[in-house]
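If you want the building blocks of each chain, they are given just below.
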Amino acid sequence: MGHPRGLMADAAMDSGIAKCRLARVLAVVFVLLTAALALTWSHNKLMSQDEMYAFQTASVPTVAELVRVQRTWPISLDPLLYPLLAHAGMKAFGASAFALRLPALLGFLLMQVCLFFFVRRLAGERGGAVAAAFPALTATLYYSAEGRPYGLMLGLYALALLSWQAATREQG
């Protein structure tokens, strides 16, 4: 028979591990729900005028043509990264609103994942799960289903923030 304190410590540790797993599962569920919500919204949403301009730019036949259009007479004034990613999406999934909006959705989901890891280091697993859910509960969710670079920018900003945190933690 084990020592009572040892059994209590084991039970407390098992409870803590279960809470961490639950927080991680919740974070994954929040990200998947965001993806499902954004995909449904994107499917039912008409393209805006700005998205139509971006669609015209990204749907050209080749990457060389895309670069030439952006350099000489751009229809959409976005930085080159977004039209390139949308062009790749259109090559993979066909010229559609879904392909145009996919980089924004992936960027938004990247933001949620990065926020989970960033806040987890500061406030624990449960705080990370709340941070992952937070963007989907605010007006920023709009950018997950918009064929513009804003969702991608949010994801890349969050990745930069997480990288900065990791770099400063390693030095200190």
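The notes below deal with the structure included here. (Residues numbered from 1 in each chain as written. Predicted model: local features only at pLDDT ≥ 70, side-chain atom pairs only at ≥ 80, totals over all residues. Heavy atoms only, no water.)

## Focus on the overall build of the chain
And then number 1: Across its full length, the chain holds six helices and zero strands.
And then number 2: Going residue by residue from the N terminus, the α and β elements of the chain occur as α-α-α-α-α-α.
And then number 3: For the chain, with 172 residues in total, the buried portion stands at 37%.
And then number 4: For the chain, restricting intrachain contacts to residue pairs at least 6 apart in sequence, the fraction spanning at least 24 positions comes to 70%.
And then number 5: When the accessible surface of the chain is totalled, it reaches about 10,300 Å², and 70% of it is carbon and sulfur. (Helix = DSSP H or I, 4+ residues; strand = E, 2+ residues; numbered from the N terminus. Buried < 20%, exposed > 50% of the residue type's maximum accessible area, 1.4 Å probe, protein only. Contact = heavy atoms within 4.5 Å. Areas by Shrake-Rupley, 256 points an atom, 1.4 Å probe, with all protein chains shown as cover.)

## Concerning empty space enclosed by the protein
And then number 1: Throughout the structure, instances matching the rule amount to one cavity of 30 Å³ or more.
And then number 2: Put simply, the largest cavity is a space of about 40 Å³.
And then number 3: What lines the largest cavity is A38, L39, S42, F98, R101, L102, L105, S144 and A145.
And then number 4: At the level of elements, α1 (4–44) and α5 (97–133) are the ones that each hand at least two residues to the lining of the largest cavity.
And then number 5: Counting residues per element, the lining of the largest cavity draws most heavily on α5, which supplies four residues. (1 Å grid on protein atoms, 1.4 Å probe; cavity = no way out; pocket = protein on both sides within 12 Å on 5 of 7 lines; lining within 4 Å. Points joined across faces, edges and corners; volume = space filled by probe spheres on them.)

## Remarks on the packing of aromatic side chains
And then number 1: This structure, assessed with the given rule, holds five aromatic pairs.
And then number 2: Look at Y142 and Y143: their rings are 5.4 Å apart centre to centre, the planes differ by 75°, and that puts the pair in the edge-to-face class.
And then number 3: Among the aromatic residues, those joined into a ring-pair cluster are W41, Y142, Y143 and Y150.
And then number 4: The aromatic ring of W41 is capped on one face by K45, whose charged end is 5.7 Å from the ring centroid. (Phe/Tyr/Trp six-rings, centres within 6.5 Å; stacked < 30°, edge-to-face > 60°. Lys NZ or Arg CZ within 6 Å of the ring centre and 35° of its normal.)

## Some words on helix α3 (residues 63–72)
And then number 1: Turning to α3, its buried residues are L66, V69 and Q70. Buried residues in α3, looked at end-on, bunch into an arc of 95°, giving them a common side. Opposite the packed face of α3, turned more than 90 degrees from it, sit the exposed residues A64 and R71.
And then number 2: Along its buried surface, α3 packs onto α2 (49–58) and α4 (81–93). (Arc of directions from axis to C-beta.)

## Observations concerning α4
And then number 1: In a regular helix each residue adds 1.5 Å, so 13 residues correspond to 18 Å; α4 covers 18 Å between its end C-alpha atoms and thus fits that length.
And then number 2: Of the positions making up α4, those classed as buried are Y82, P83, A86, H87, G89 and M90. Down the axis, α4 shows its buried residues gathered within 160° of arc, on one side only. Facing away from the buried side of α4 by more than 90 degrees, the exposed set consists of K91 and A92. (Expected span 1.5 Å × (residues − 1).)

## Focus on the pattern of salt bridges
And then number 1: In the structure shown here, the tally under the stated rule is six salt bridges.
And then number 2: In this structure, E146 and K45 form a salt bridge, with 2.4 Å as the shortest nitrogen-oxygen distance. Taken together, the residues E146 in the loop between α5 and α6 (150–171) and K45 in the loop between α1 and α2 connect sequence positions 101 residues apart. Like E146, the residue K45 is buried in the burial classification.
And then number 3: R101 is the partner of E51 in a salt bridge, and the nearest nitrogen-oxygen pair spans 2.8 Å. (Salt bridge = Lys/Arg side-chain N within 4 Å of Asp/Glu carboxyl O.)

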